[in-house]
Amino acid sequence: PKPWKVLEERLLHDGSPWLQLKQQSIGLPNDRTVDRYYRVEMRDFALLYATTEAGQVIVLRLYRHGPQRVGLALPGGLIDDGEESLIAAQRELLEETGYQARNWRSLGRYTMNSNYGCGCCNIYMASDAIRIAEPDSGDLEEAEIVLMTPEELLQALGRGEVSVIGHAAAIAMVMAAKHGYPVTVAKRSS
């Protein structure tokens, strides 16, 4: 397969810094042109699966407006302009939970929607986290910190308590890595 070519692009909506909607004219490898193809550009974010020194997973129970319900989520948040994704992940863990972790591993950078973009999720695994402060996220949501065993989190995932795909994927990737399946860091093509 060959990549598509963007022949023309027009900004339809500028909701900066949160999102932009663009209409593109796309040239396909078979010389066909698609004149009305849409791209949603959103900010990249970091998401992390963090465990305490006792091996418990740090999880948040909170309302998420996308699925419009209360559920379980991993800590994470938007990457600030010019900020490295690892620094954002470390900042978000501290802000949202009050925990700081000693060991960090990247599990890759993944596009949220294969056709429209919608931002990239940078997934991290952190371990040996200790609580050093009270949470102070300044976010809109109220969150309850829940410490779960990996098995309890997998059971909650199976019951549908994790309703956002990025969080479910991060949990599955960590479980695969912990059970000996190789997890290779995804690379973005240039």
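Model, not experiment: these values are computed from the prediction. (Residues numbered from 1 in each chain as written. Predicted model: local features only at pLDDT ≥ 70, side-chain atom pairs only at ≥ 80, totals over all residues. Heavy atoms only, no water.)

Let's shift gears to the confidence of the model for the chain. Across the chain, the average pLDDT comes to 92, with 94% of residues at or above 70. The element-level mean pLDDT for the chain is lowest in helix α3 (residues 165–178), coming to 90, with strand β8 (residues 99–100) highest at 98. (pLDDT = per-residue confidence, 0-100. Helix = DSSP H or I, 4+ residues; strand = E, 2+ residues; numbered from the N terminus.)

The subject of this paragraph is the packing of aromatic side chains. One pass over the full model with this rule turns up three aromatic pairs. Measuring from ring centre to ring centre gives 5.4 Å for Trp4 and Tyr37, while their planes differ by 90°; the resulting arrangement is edge-to-face. Residue Trp4 is located in the segment before β1 (5–15), and its partner Tyr37 is located in strand β3 (residues 33–42); the two are separated by 33 residues in the primary sequence. Judged by its relative accessible area of 15%, Tyr37 falls in the buried class. Linked through ring pairs, Trp4, Tyr37 and Tyr116 together constitute an aromatic cluster. (Phe/Tyr/Trp six-rings, centres within 6.5 Å; stacked < 30°, edge-to-face > 60°. Buried < 20%, exposed > 50% of the residue type's maximum accessible area, 1.4 Å probe, protein only.)

Attention shifts here to the pattern of salt bridges. If you walk through the whole model with that rule in mind, you get 13 salt bridges. Measuring nitrogen to oxygen at the nearest pair gives 3.4 Å for the salt bridge that ties Glu95 to Arg91. A residue pair is termed a helical-turn pair when its members lie 3 or 4 positions apart in one helix, as Glu95 and Arg91 do in helix α1 (residues 85–97) at four residues. You can call Glu95 partly exposed: its relative accessible area is 24%. Using a relative accessible area of 21% as the deciding quantity, one classes Arg91 as partly exposed. One network of salt bridges, in which partners are shared, links Asp80, Glu83, Arg91, Glu92 and Glu95. (Salt bridge = Lys/Arg side-chain N within 4 Å of Asp/Glu carboxyl O.)

Before going further, it helps to examine the environment of Asp81. On the secondary structure map, Asp81 appears in the loop between β7 (76–78) and α1. Classification of Asp81 by relative accessible area gives exposed; the value is 70%. There is a polar contact of 3.4 Å between the side chain of Asp81 and the side chain of Arg43. (Polar contact = N/O pair within 3.5 Å; in protein donor to acceptor, adjacent residues only side chain to side chain.)

With respect to the helices and strands, the residue Glu96 is situated in helix α1. In terms of polar contacts, Glu96 uses its side chain to reach the backbone amide nitrogen of Gly76, at 3.1 Å.

Before going further, it helps to examine unusual backbone geometry. Here the amide bond leading from Ser16 into Pro17 is cis, since omega sits at 5°, within 30 degrees of zero. Along the polypeptide, Pro17 turns up in the loop between β1 and β2 (19–27). At Gln68, a residue that is not glycine, the phi angle is positive and equals roughly 60°. Along the chain, Gln68 turns up in the loop between β5 (57–64) and β6 (69–73). On the accessibility criterion, Gln68 (54% relative accessible area) is exposed.

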